[in-house]
Amino acid sequence: MDIAKVREAASAHYEGLVEDQKQMAQSYFAHMDTNRSGNISIDEFVTYLSTVGSQSNYHYWLFAQLDKDNNSTLNFKELVTFFYMLNREIRPSLESGS
């Protein structure tokens with residue numbers, strides 16, 4: 001998985017969404033941002049994934065891949081990449097480290 005290419009595709013896809021779809025993405029972000037900081041922490045990310053039934057050993061690794069600016073939180077643009085991956089069923093390859 002080339003995360004840079006996925007980010008680029010996710011951004012282009014998001015820009016092509018109709019306003020209702022963009023608002024839905026913003027609503028998911030707000031739902032995940034339980035402390036209303038404007039960013040998603042690793043704890044919020046893992047908690048959200050657990051509540052939707054995702055039990056995986058790679059949540060922390062995935063968070064690090066999504067965190068483009070390496071500030072230990074995900075902003076909305078970084079989370080758009082995650083939503084894109086979910087909708088496209090893109091699965092990270094842990095074996096390749098990418």
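Residues numbered from 1 in each chain as written. Predicted model: local features only at pLDDT ≥ 70, side-chain atom pairs only at ≥ 80, totals over all residues. Heavy atoms only, no water.

Explain unusual backbone geometry to me, and be specific about the residues and the numbers.
Its identity is not glycine, yet Asn70 carries a phi of approximately 55°, on the positive side. With respect to the helices and strands, the residue Asn70 is situated in the loop between α4 (59–66) and β2 (73–74). Residue class for Asn70 comes out exposed when judged on its relative accessible area of 61%. Of note in the backbone geometry, Ser72 takes a positive phi value of approximately 70° without being a glycine. Note on placement: Ser72 falls in the loop between α4 and β2. The exposure class assigned to Ser72 is exposed, which follows from its relative accessible area of 53%. (Helix = DSSP H or I, 4+ residues; strand = E, 2+ residues; numbered from the N terminus. Buried < 20%, exposed > 50% of the residue type's maximum accessible area, 1.4 Å probe, protein only.)

For the side chain of Glu44, give the residues involved together with the corresponding values.
Within the fold, Glu44 resides in helix α3 (residues 42–51). For the buried Glu44, no salt bridge is present, and the opposite-charge side chain at shortest range is Arg36, 6.9 Å distant. Separated by 3.0 Å, the side chain of Glu44 and the backbone nitrogen of Thr34 make a polar contact. Excluding anything up to four places from it in sequence, Glu44 contacts Met32, Asp33, Thr34, Asn35 and Asn39. (Lys, Arg positive; Asp, Glu negative; His and termini not counted. Salt bridge = Lys/Arg side-chain N within 4 Å of Asp/Glu carboxyl O. Polar contact = N/O pair within 3.5 Å; in protein donor to acceptor, adjacent residues only side chain to side chain. Contact = heavy atoms within 4.5 Å.)

A description of the packing of aromatic side chains should follow, citing residues and the corresponding values.
When we look at a pair of aromatic rings, we describe it by the centre distance and by the angle of the planes. If you walk through the whole model with that rule in mind, you get six aromatic pairs. Ring centres of Phe29 and Phe76 lie 5.7 Å apart, and the angle between their planes is 80°; this geometry places the pair in the edge-to-face category. Separated by 47 residues along the polypeptide, Phe29 in helix α2 (residues 19–32) and Phe76 in helix α5 (residues 76–88) bring together distant segments of the chain. Exposure remark for Phe29: the relative accessible area of 10% places this residue in the buried category. These aromatic residues form a ring-pair network of at least three members: Tyr28, Phe45, Phe63, Phe82 and Phe83. For the cation-ring pair, Lys22 lies above Tyr14, with the distance from its terminal atom to the ring centre recorded as 5.4 Å. (Phe/Tyr/Trp six-rings, centres within 6.5 Å; stacked < 30°, edge-to-face > 60°. Lys NZ or Arg CZ within 6 Å of the ring centre and 35° of its normal.)

Which residues make up helix α1 (residues 3–15), and what values do they have?
Taking 1.5 Å as the rise per residue, α1 with 13 residues should run 18 Å; its terminal C-alpha atoms sit 18 Å apart, in good agreement. Among the residues of α1, those classed as buried are Ile3, Val6, Arg7, Ala10 and Tyr14. Relative to the axis of α1, the buried residues are bounded by an arc of 100° and lie together on one face. Within α1, the exposed residues directed more than 90 degrees away from the buried face are Lys5, Glu8, Ala12 and Glu15. Where α1 is buried, its residues contact α2, α4 and α5. In this structure Asp2 caps α1, since a side-chain oxygen of it lies 3.1 Å from the backbone nitrogen of Ala4. (Expected span 1.5 Å × (residues − 1). Arc of directions from axis to C-beta.)

Now, about the nonpolar core: what can you tell me, with residues and values included?
Judged by nonpolar contacts, the single largest core of 23 residues is most densely connected at Met32, Ile40, Phe45, Leu66, Leu74, Leu79 and Phe82. Elements with a contribution of two residues or more to this core: α1, α2, α3, α4 and α5. Here this core gets seven residues from one element, more than from any other, and that element is α5. Setting aside residues up to four positions removed in sequence, Leu66 forms contacts with Ile3, Arg7, Phe45, Leu74, Glu78, Thr81, Phe82 and Met85. (Core = buried A, V, L, I, M, F, W, Y, C linked by side-chain atoms within 4.5 Å.)

That is the geometry; function is a separate question.
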